[in-house]
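Descriptive analysis of the structure
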Amino acid sequence: MGIALLSAQRSKDNSTQVGACIVNAENKIVSVGYNGMPTGCDDDDMPWERTAESALDTKYPFVCHAELNAILNSNIPSLAGATLYVTLFPCNECAKAIIQCGIKRVVYFDNKYADTDGVKASSMMFSKCGVTVEKYTPSGRALTIDL
């Protein structure tokens, strides 16, 4: 989870920085990601607002979520059976990608949108598709990161 928390700090999103780290069955890191604009889109030229008169003036149509970036950045041919550590509970769109690529375990740090339909849909899909989901609990080892 420490790597996911560190990855989140790379995000230019000033309201919701999210990081993700995927590990294989041997707990070796195979990918990381954070929420950001697609490759080739200059972060400084894109909108980062949460609300605006037009959706095109907000971040939502453009930002790639940390989970999707981690899946796309993977350095192995298959993520089947892998574990995803993520700082924010996945949205329904990311849940579909997580399921489709074969990740079987999701460990999340925070679920601040638990009451939204998107997160409820994620939980339903994970349950129906056999993806184990658990809230991160520290192991007792020191992990201090100021976000």
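Everything numeric in this text was worked out from a predicted model, so none of it was measured.

Brief notes about helix H4 (residues 117–129)
A rise of 1.5 Å per residue sets the reference length of H4, with its 13 residues, at 18 Å; its end C-alpha atoms lie 18 Å apart and thus fit the reference within 8%. Of all the positions in H4, only Val119, Ser122 and Phe126 are classed as buried. Buried residues in H4, looked at end-on, bunch into an arc of 50°, giving them a common side. Along H4, exposed side chains directed more than 90 degrees from the buried face belong to Asp117, Met124, Ser127 and Lys128. Those residues of H4 that are buried are in contact with helix H3 (92–100), strand E4 (105–110) and strand E5 (132–135). Gly130 sits one or two residues past H4 and shows a positive phi near 75°.

Observations regarding the pairing of E4
Note: strand E3 (residues 83–88) against E4, five bridges, orientation parallel. Bridge pairing in E4 places Val86 opposite Tyr108. Regarding the hand of the β-α-β motif, the stretch spanning E3, H3 and E4 is right-handed. What joins E4 to E5 is H4, and the crossover it makes is right-handed.

Concerning the sheet that holds strand E2 (residues 29–34)
With respect to topology, five strands assemble into an open sheet ordered E2-E1-E3-E4-E5, the strand pairing being mixed. Since the sheet does not close on itself, it has two edges, and those belong to E2 and E5, each with one partner. Across the sheet, the mean angle separating the axes of adjacent strands is 15° when strand polarity is ignored. Bridge count between E4 and E5: four bridges; the pairing is parallel. Looking at E5, one finds that Tyr108 is bridged to Lys135.

Conventions used here
- Residues numbered from 1 in each chain as written.
- Predicted model: local features only at pLDDT ≥ 70, side-chain atom pairs only at ≥ 80, totals over all residues.
- Heavy atoms only, no water.
- Helix = DSSP H or I, 4+ residues; strand = E, 2+ residues; numbered from the N terminus.
- Expected span 1.5 Å × (residues − 1).
- Buried < 20%, exposed > 50% of the residue type's maximum accessible area, 1.4 Å probe, protein only.
- Arc of directions from axis to C-beta.
- Contact = heavy atoms within 4.5 Å.
- Pairing = 2+ DSSP bridges.
- Right-handed = clockwise from strand over helix to strand, strands pointing away.
- Axes fitted to C-alpha atoms, helices over the stretch in contact; angles between N-to-C directions.

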